[in-house]
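# Chain and residue survey
Read off the chains here:
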Amino acid sequence: QLSSTFYDSTCPNALTTIRTAIRTAISRERRMAASLIRLHFHDCFVQGCDASILLNDSSTITSEKNALPNLNSARGYEVIDNAKSQVEKICPGVVSCADILTVAARDASFAVGGPSWIVKLGRRDSTTASLSSANTELPGFGDSLDRLVSMFGAKGLSARDMVALSGSHTIGQAQCFTFRNRIYNNASDIDAGFASTRRRQCPATGGNANLAPLELVTPNSFDNNYFKNLIQKKGLLASDQVLFSGGSTDSIVDEYSKNPTKFKSDFAAAMIKMGDINSLTGSEGQIRKLCYAVN
Ligand code: HEM
Ligand SMILES: [Ca+2]
């Protein structure tokens, strides 16, 4: 049973300490806000929000960091490790890495103009990781709408939650190899001018790691331009554009494009729901001393 007051008596300064560490990291590099939100998502979809994604390879752990969706892609691990070490200084052995990552995602959203929300706390850290689940349970950039709906459904999230959460592609960057097919296949669901602009930084061969903003107008601020772009056929990933391509989620995209306030409140609610996925509580798991290793 998670609760927003979980650390009120055991570590009253936990949340301000985390916030300072996260704000410092984001002021150094604004993209870090995007990276931390994504890290929380990639944690929660694999064994639940249990900080399994933070564990390094060891004799007992096969790290999720090496799974396809994460390798050379997920980032921000060191920011969470640092926030943890700050929190350990004030209350050793009390605050879980899973909670720190959840709070970090919320603080990251707020730091770049997104909504804030009250985070539920009391998650415990896993003593295991699952590279295979990370490879099979995280969505891919080429997935169909039906597949995306069913992958989120498997985690207790609705199609509406999925569209709202995908709105976090209003910030952050993607590598060329994730959108190459889309910009070179002359499909009817992509704006021709947009495709040709993107091709300049993403050649047909090579340049796999070249970056492009997931949302072209305001890639560093959290707003609803992502949805406006989808309506103009300017989604970067195929998995972005499928949300507005004549299917069942078109009306949600349309609604969020017109109502940024509704998008932000739905996003916050969906983040809370995602943070509830299969948490370890009570005496399950442990409170790690270091986020990258089990005790
Ligand atoms: C709907 C299914 C989704 C797919 C297929 C997907 C796929 C991707 C891909 C391929 C990238 C670029 C990675 C790279 O090039 O290294 C990316 C980036 C990102 N994703 Fe998603 N994503 C999905 C949903 C979500 C959700 C639910 C969230 C958060 C709630 C999220 C947050 C982000 C953020 C913030 C970035 C930018 C990260 C950065 O700049 O470091 N995505 N996503
Ligand atoms: Ca996890």
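Above this note sits the structure.
Throughout what follows, the structure given in this document is the object of discussion. (Residues numbered from 1 in each chain as written. Chains lettered and ligands numbered in written order. Predicted model: local features only at pLDDT ≥ 70, side-chain atom pairs only at ≥ 80, totals over all residues. Heavy atoms only, no water.)

## Here we look at the coordination of the calcium ion (ligand 2)
Using the following cut-off: Only nitrogen, oxygen and sulfur atoms qualify as donors, provided they sit within 2.8 Å of the metal or within 3.2 Å for Na, K and Ca; with water excluded from the atoms, sites may seem incomplete. Between 85 and 135 degrees for all angles marks four donors as tetrahedral; over 155 degrees for opposite donors together with 65 to 115 for all other angles marks four donors as square planar and six as octahedral; every other arrangement is irregular.
Coordination of the calcium ion (ligand 2) by the protein comes from Asp43 (O), Asp43 (OD), Val46 (O), Gly48 (O), Asp50 (OD) and Ser52 (OG), over a distance range of 2.2 to 2.5 Å. Here the calcium ion (ligand 2) binds six donor atoms, and the angle range of 73 to 160 degrees at the metal identifies the geometry as irregular. Here the donor residues of the calcium ion (ligand 2) are spaced in sequence according to D-x2-V-x1-G-x1-D-x1-S.

## Describing the environment of Val217
Which entries qualify depends on this criterion: Going along the chain from the N terminus, every DSSP run of H or I of four or more residues is numbered as a helix, and every run of E of two or more is numbered as a strand. Contacts are assigned to residue pairs that have any heavy atoms within 4.5 Å of one another.
Note that Val217 resides in the loop between β2 (211–213) and α10 (225–231). For the pair Val217 and Thr170, spaced 47 residues apart in sequence, the C-alpha to C-alpha distance is 9.0 Å. Not counting chain neighbours up to four residues away, the residues in contact with Val217 comprise Asn225 and Asn229.

## Brief notes about the coordination of the iron atom of ligand 1
When only protein atoms are considered, the iron atom of ligand 1 has one donor, His169 (NE2), at a distance of 2.1 Å. Along the chain, the position of His169 falls in the loop between α7 (159–166) and β1 (173–175).

## A few points about the side chain of Ser279
Note on placement: Ser279 falls in the segment after α13 (260–275). For Ser279, the residues in contact, after removing those within four places along its chain, are Leu2, Cys49, Arg123 and Glu284.

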